[in-house]
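Here is what each chain is made of, one letter per residue.
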Amino acid sequence: VVAINENLDLVHQNHVLFDSELPEFRTQGGVHVQADKLTVTSPVLMWVKALDLILDKMKDAGFDFSSVRALSGSGQQHGSVYWKKGAGQVLKQLDPGRPLHKLLEVESVCDSPVWMDSSTSEQCSSLESAVGGAQNLTNITGSRAYERFTGNQIAKIQQSNPEKYSETERISLVSSFGASLFRGDYAAVDYSDGSGMNLMDIFSKKWAQPCLEATAPHLEAKLGAPLVSTAVLGEVSSYYVTRYGFSPDCKVVAFTGDNPGSLAGMRLREGDIAVSLGTSDTVFLWIKEPRPTIEGHVFCNPVDSDSYMALICYKNGSFTRERIRNERAGGSWDTFSRALNATPVGNDGNLGIYFDTLEITPSAVGVYRVNEQDQTVEGFPGEVEIRALVEGQFLAKRVHAEKLGYKISKLSRSFSILATGGASSNTDILQVLSDVFNAPVYTIDVANSACLGCAYRAKVKALSCLCTRTCVESIIVLRPPPTSVDNRIKAIT
Ligand SMILES: Nc1ncnc2c1ncn2[C@@H]1O[C@H](COP(=O)(O)OP(=O)(O)O)[C@@H](O)[C@H]1O
Ligand SMILES: O=C(CO)[C@@H](O)[C@H](O)COP(=O)(O)O
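Reading the values: rules and limits
Residues numbered from 1 in each chain as written. Chains lettered and ligands numbered in written order. Predicted model: local features only at pLDDT ≥ 70, side-chain atom pairs only at ≥ 80, totals over all residues. Heavy atoms only, no water. Phe/Tyr/Trp six-rings, centres within 6.5 Å; stacked < 30°, edge-to-face > 60°. Buried < 20%, exposed > 50% of the residue type's maximum accessible area, 1.4 Å probe, protein only. Helix = DSSP H or I, 4+ residues; strand = E, 2+ residues; numbered from the N terminus. Near = heavy atom within 4 Å. Polar contact = N/O pair within 3.5 Å; in protein donor to acceptor, adjacent residues only side chain to side chain. Areas by Shrake-Rupley, 256 points an atom, 1.4 Å probe, with all protein chains shown as cover. Nonpolar A, V, L, I, M, F, W, Y, C, P; charged D, E, K, R; others polar. Pairing = 2+ DSSP bridges. Axes fitted to C-alpha atoms, helices over the stretch in contact; angles between N-to-C directions. Parallel < 35°, antiparallel > 145°, perpendicular 65-115°, else oblique. Contact = heavy atoms within 4.5 Å. Salt bridge = Lys/Arg side-chain N within 4 Å of Asp/Glu carboxyl O.

(A) Here's a closer look at the packing of aromatic side chains. As enumerated under the stated definition, the model contains 13 aromatic pairs in all. A centroid spacing of 5.4 Å and a plane angle of 35° characterise the contact between tyrosine 146 and phenylalanine 149, whose relative ring orientation is tilted. Each member of the pair, tyrosine 146 together with phenylalanine 149, is buried. Here tyrosine 240 and tyrosine 244 contribute two aromatic rings whose centre-to-centre distance is 6.4 Å and whose plane-to-plane angle is 20°, an arrangement assigned as stacked. Taken together, the positions of tyrosine 240 and tyrosine 244, both in helix α13 (residues 238-244) and four residues apart, correspond to about one turn of that helix. For the pair tyrosine 240 and tyrosine 244, a shared accessibility class is recorded, and that class is buried. Counting every residue linked through ring pairs, the aromatic cluster contains Phe63, Phe65, Phe182, Tyr239, Tyr240, Tyr244, Phe246 and Phe255.

Quick look at the structure:
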């Protein structure tokens, strides 16, 4: 959670770590990986309990809830929550004397599929066939069929457990689930996060009938109509007024996905490129004229409803860096950084591709290493391995961004990279990013740009006061210029 005041100054920050602070749910990295290694879920009740916990932490820290004029939020994209019949009524009558997790055991599916799930290949193929192929689906929804996208997850639940599906009165995304908790009523899916479902026409901003029909019966009623991401949904539920002292006038602005939230938090300019190094690695851009292709995604823009955002997502991000850190750097980020500093840009031509789990872009799995003679090798010395991993990850991002039409000049640094997410606190990793893209990398003071962006969205919308880009620029820090990249690019290509 991030709270800002009218000058956009940060006044409070807090967080809950699922694994260590809610150990009763036995998650690792916030999730359960099922035996097939493809199905990945999170217990919904853990998210609800985390909300209880963070609000209690804020209360204990003396946070003044009565001064909150508006709130919004973001959730990991694509994950879904299934409310059982009667849950809507329960939401409207929450007893403020009891914590939410005691009141909300109202899900028909207790373990929500999350973005890391890749168990729906069958459903993806059948959706693409139903609408005339991958490119056709992309032309409608902004993306070809992806396993983690919500429509395919809904299809799997309906096919494998039709009873649970028919017991479900409403399906939320993680983001609209969060908004529903604060509203005490079902909240609409916003256009931007709704674009990550393979169900919405990103141009008309309505559910696409052929996709609904190919996914599951009676789906439209369970989804409710999507809504513009900047909408004010209404006031906070009386539950929070009585229990925590929120003002009854506190507005709830539509919640959105974490990457759309980051786009707002980083205040992207057209031409900038954002790289989020969270659990997933993502690259995203603000675009005006989308040309959806079958590699990468186009989402509706969360800030400007006439614009779009392009996004490429990599599953083997921080967890893969953590694995190599544990194996080759004794579990220390400092040692990991020393290895990056001890090896030359371009890694003397040694290159690695590390897909520990089935990657999203491209759909491939396995670890591959080639040396400077382009020979496949089984291993690298520790320091070479660390650079091979980080350079390989960023080179892939550059190649895919260029395929999406992004022009990277070898001669001039005419654009900026804005970095966010947990690993953006590591300046040695950012130096490699800067080297590979031949561009300066900026970070913002608040690494949690998704939260910050939603605080901005809430402020801008509910207080009808547009914060200009100037106020935000003051928190962007220029990184040192990159060292020469040309030799390394030659070596790697
Ligand atoms: N100093 C560091 N160097 C590299 N990676 C780091 C560092 N500190 C944290 N991280 C990575 O950041 C990740 C968490 O990023 P975060 O943005 O909080 O995740 P999420 O996207 O799931 O919200 C962790 O998995 C961790 O590997
Ligand atoms: O699947 C995607 C984007 O399409 C992921 O980026 C998720 O939105 C969650 O990311 P983390 O915040 O956990 O890295």
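(B) Main features of the site of ligand 1. Close contacts around ligand 1 come from Gly278, Thr279, Ser318, Glu322, Trp333, Gly421, Gly422, Ala423, Ser425, Asn426 and Ile429, and that covers them all. Between ligand 1 and the protein, one listed contact pairs an oxygen atom with a side-chain N or O atom of threonine 279 at 2.4 Å. The protein chains hide 62% of the 590 Å² of surface that ligand 1 would expose on its own. A per-class count over the shell around ligand 1 returns three nonpolar, seven polar and one charged.

(C) Representation of the sheet that holds strand β10 (residues 168-173) in the model. An order of β8-β7-β10 is seen for the three strands of this open sheet, with the pairing classed as antiparallel. Pairing within the sheet leaves two strands with one partner each, and these edge strands are β8 (107-109) and β10. Each strand axis lies, on average, 40° off the axis of its neighbour in the sheet, ignoring direction. Of the pairings in the sheet, the one linking strand β7 (residues 80-84) to β10 comprises five bridges and is antiparallel in character. Bridged to tyrosine 82 within β10 is isoleucine 171.

(D) Spatial organisation of the packing of helix α16 (residues 333-342) against helix α17 (residues 382-403). Two elements in contact, α16 and α17, have axes separated by 8 Å at closest approach and are oriented at 90°. By the criterion of interaxial angle, the relationship of α16 to α17 is roughly perpendicular. Here Phe336, Ala339, Leu340 and Ala342 of α16 come into contact with α17, specifically with Glu383, Ile386, Arg387, Leu389 and Val390. Residue composition of the contact of α16 with α17, by class: seven nonpolar, no polar and two charged.

(E) Examining the environment of isoleucine 154 more closely. Mapped onto the secondary structure, isoleucine 154 falls in helix α7 (residues 150-160). The buried category is assigned to isoleucine 154, whose relative accessible area is 0%. Each residue touching isoleucine 154, except ones within four places of it in the same chain, is listed here: Tyr82, Tyr165, Ile171, Leu199, Thr215, Ala216, Leu219 and Leu223.

(F) View of the site of ligand 2. Surveying the vicinity of ligand 2 reveals 13 residues, the closest of which are His78, Arg148, Asp258, Asn259 and Ser280. For ligand 2, an oxygen atom lies 2.6 Å from a polar atom in the side chain of histidine 78. Contact distances for ligand 2 include 2.6 Å between an oxygen atom and a backbone N or O atom of serine 280. Protein chains bury 89% of the 370 Å² of accessible surface belonging to ligand 2 in isolation. Contributing elements (two or more residues each) for the shell around ligand 2: α14 (258-266) and β19 (308-314). Its residues assigned to classes, the shell around ligand 2 comprises three nonpolar, eight polar and two charged.

(G) Layout of the pattern of salt bridges. Counted under the stated rule, the structure contains 14 salt bridges. Residue arginine 387 pairs with glutamate 391 through a salt bridge whose shortest N-O separation is 2.7 Å. In this pair, arginine 387 and glutamate 391 are both assigned in helix α17, four residues apart and thus about one turn of the helix distant. When its relative accessible area of 5% is taken as the criterion, arginine 387 is described as buried. Glutamate 402 is the salt-bridge partner of arginine 398, the closest N and O atoms lying 3.6 Å from each other. With arginine 398 and glutamate 402 both in helix α17, this residue pair falls four residues apart, about one helical turn. We classify arginine 398 as buried; its relative accessible area is 6%. The network of salt bridges with shared partners includes Asp281, Arg321 and Lys397.

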